[in-house]
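Examination of the molecular architecture
One-letter residues, chain by chain:
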Amino acid sequence: MAKVTRDDVARLAGTSTAVVSYVINNGPRPVAPATRERVLTAIKELGYRPDRVAQAMASRRTDLIGLIIPDARQPFFGEMAHAVEQAASERGKMVLVGNTDYIAEREVHYLRAFLGMRVSGLILVSHALNDQAAAEIEAWDARIVLLHERPEAIDDVAVVTDDLGGAQLAVRHLLEHGNEYVACVGGTAETPAVGDPVSDHVEGWRRAMEEAGIPTEGRLFEAPYNRYDAYRVGLDVLSGPDRPPAVFCSTDDQAIGILRAARELRIDVPRGLAVAGFDDIKEAALADPPLTTVASDRSAMARAAVDLVLDDGVRVTGSRRERLKVYPSRLVVRHSCGCG
């Protein structure tokens, strides 16, 4: 059976091959709805399958979006990757995902690999972009959108959450429950001081405490972002003589680890310890007890990142602040803080 070509589709639809291309590629020129429907009907009837390799060679771009994240095993990044994939699918694109495991060399590896594959654009969730990675991006003159984090090394358009304001909401809420003070589980010594959500969460905690006239010295504890290491930190902090009455964790994954440590130490949450997290991962609602946390609209953020990285007509210029798209945070109140 002869291979069906674009000419065959155009002939059956009664239009030109250029119009068929516009329908298949969703642009660059608009196509009237009736004409588009004829082309789609012809494609279905003939069983036409576009040659994506030939298209990529002609346009020097593929139907792929590169997404580089720290660790898809962490629920927040897994949910974010899924949201990006859904948004990309709505635009007729597929997503390649690379996990850096917070290793700078691996981030450079995926940057080179994805940019060398001529992806349509690159969405980057970078923990701490180094100079080598920034140089790779500059050399390729690539279309980059930063998501969730905004490292200082590059100044591309960024889609982020109001991390500082969201942390203040959570800490104020814990203090309103009458807790004498709120301890904070932050990041590690490697956490960037600027542009990293966890740093903003710690700063939000510090500001909320200072607003209330409460000192923060000795009440910030370092922990990696995952529940397993946070659990071990929690065992140390909660079993000591100066056990805090409330804890704000920079991530929900950390908070789940703290809840597990409290349960092992037979500390009643929330009567003996109030806990709040940040991210509102799906598991937060099923934690024991259900976790009070801070949420943002991940689906909207993912869609904005995909639109910004794909749309030729979108150009965000101006200062660093003007190139920042910030989504609001909202407090999600559940039982771990003492409500309910």
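To be clear, the structure that these remarks concern was listed above.
Residues numbered from 1 in each chain as written. Predicted model: local features only at pLDDT ≥ 70, side-chain atom pairs only at ≥ 80, totals over all residues. Heavy atoms only, no water.

Focus: the packing of helix H5 (residues 75-90) against helix H12 (residues 298-310)
Basically, it comes down to this: To define axes, lines are fitted to C-alpha atoms, for helices over the stretch in contact only, and angles between the resulting N-to-C directions are given on a 0 to 180 degree scale. Here a strand is any run of E in DSSP of at least two residues, a helix any run of H or I of at least four, and the numbering for each starts at the N terminus. Roughly parallel refers to an angle under 35 degrees, roughly antiparallel to one over 145, roughly perpendicular to one between 65 and 115, and oblique to any angle outside these ranges. Take the far helix as the reference: if the near one is turned anticlockwise from it by less than a right angle, the crossing is left-handed, and if turned clockwise, right-handed. Here, two residues are considered to be in contact whenever any of their heavy atoms come within 4.5 Å of each other. We call Asp, Glu, Lys and Arg charged. Ala, Val, Leu, Ile, Met, Phe, Trp, Tyr, Cys and Pro are nonpolar, and the rest, Gly among them, are polar.
The N-to-C vectors of H5 and H12 enclose an angle of 50°; their axes lie 8 Å apart at closest approach. Viewed along their axes, H5 and H12 adopt a mutual orientation that is oblique. For the crossing formed where H5 meets H12, the hand is right-handed. Contacts from Phe76, Glu79, Met80, Ala83, Val84, Ala87, Ala88 and Glu90 of H5 reach H12 at Arg298, Ser299, Met301, Ala302, Arg303 and Val306. For the contact of H5 with H12, the class distribution of residues is nine nonpolar, one polar and four charged.

Here we look at unusual backbone geometry
Rule in force here: Burial classification: accessible surface area is computed with a 1.4 Å probe over protein chains only, and a residue below 20% of its type maximum counts as buried, one above 50% as exposed, and the rest as partly exposed.
In this chain, Val269 is followed by Pro270 through a cis amide linkage whose omega measures 15°. Residue placement: Pro270 occurs in the loop between helix H11 (252-264) and strand E9 (274-276). Look at the link from Asp288 to Pro289: it is a cis peptide, with omega at 0°. With respect to the helices, strands and loops of the structure, Pro289 is situated in the loop between E9 and strand E10 (293-295). Despite not being glycine, Asp279 has its phi angle at roughly 130°, a positive value. Residue placement: Asp279 occurs in the loop between E9 and E10. For Asp279, a relative accessible area of 10% translates into the label buried. If you check the backbone angles, Asp280 has positive phi at about 55° while not being a glycine.

Focus on the packing of aromatic side chains
As a reminder, the rule being used: Side-chain rings of Phe, Tyr and Trp, where Trp is taken by its six-membered ring, are said to pair if the distance between their centres is within 6.5 Å; with planes under 30 degrees apart they count as stacked, over 60 as edge-to-face, and otherwise as tilted. Whether a charge lies above a ring is judged from NZ of Lys or CZ of Arg, which has to be within 6 Å of the ring centre and within 35 degrees of the ring normal.
Following the criterion strictly, the structure yields three aromatic pairs and no others. When the ring of Tyr110 is compared with that of Phe114, the centres are 5.6 Å apart and the planes differ by 45°; the resulting orientation is tilted. With Tyr110 and Phe114 both in helix H6 (residues 104-116) and four residues apart, the pair spans about one turn of that helix. Judged by relative accessible area, Tyr110 falls into the partly exposed class, the value being 22%. In this structure, Arg219 packs its charged tip against the face of Tyr181, placed 3.7 Å from the ring centre. Just above the ring of Tyr231 sits the side chain of Arg260; from NZ or CZ to the centre is 6.0 Å.

A closer look at the environment of Pro30
In this structure, Pro30 sits in the loop between helix H2 (17-24) and helix H3 (33-46). Separated by eleven residues in sequence, Pro30 and Val19 have C-alpha atoms that sit 8.9 Å apart.

So, the packing of H2 against H3
With their axes 10 Å apart at the nearest point, H2 and H3 run at an angle of 85° to one another. In terms of their interaxial angle, H2 and H3 are classed as roughly perpendicular. Listed contacts from H3 to Val19, Val20, Val23 and Ile24 of H2 are Thr35, Arg36, Val39, Leu40 and Ile43. A class-by-class count of the residues in the contact of H2 with H3 yields seven nonpolar, one polar and one charged.

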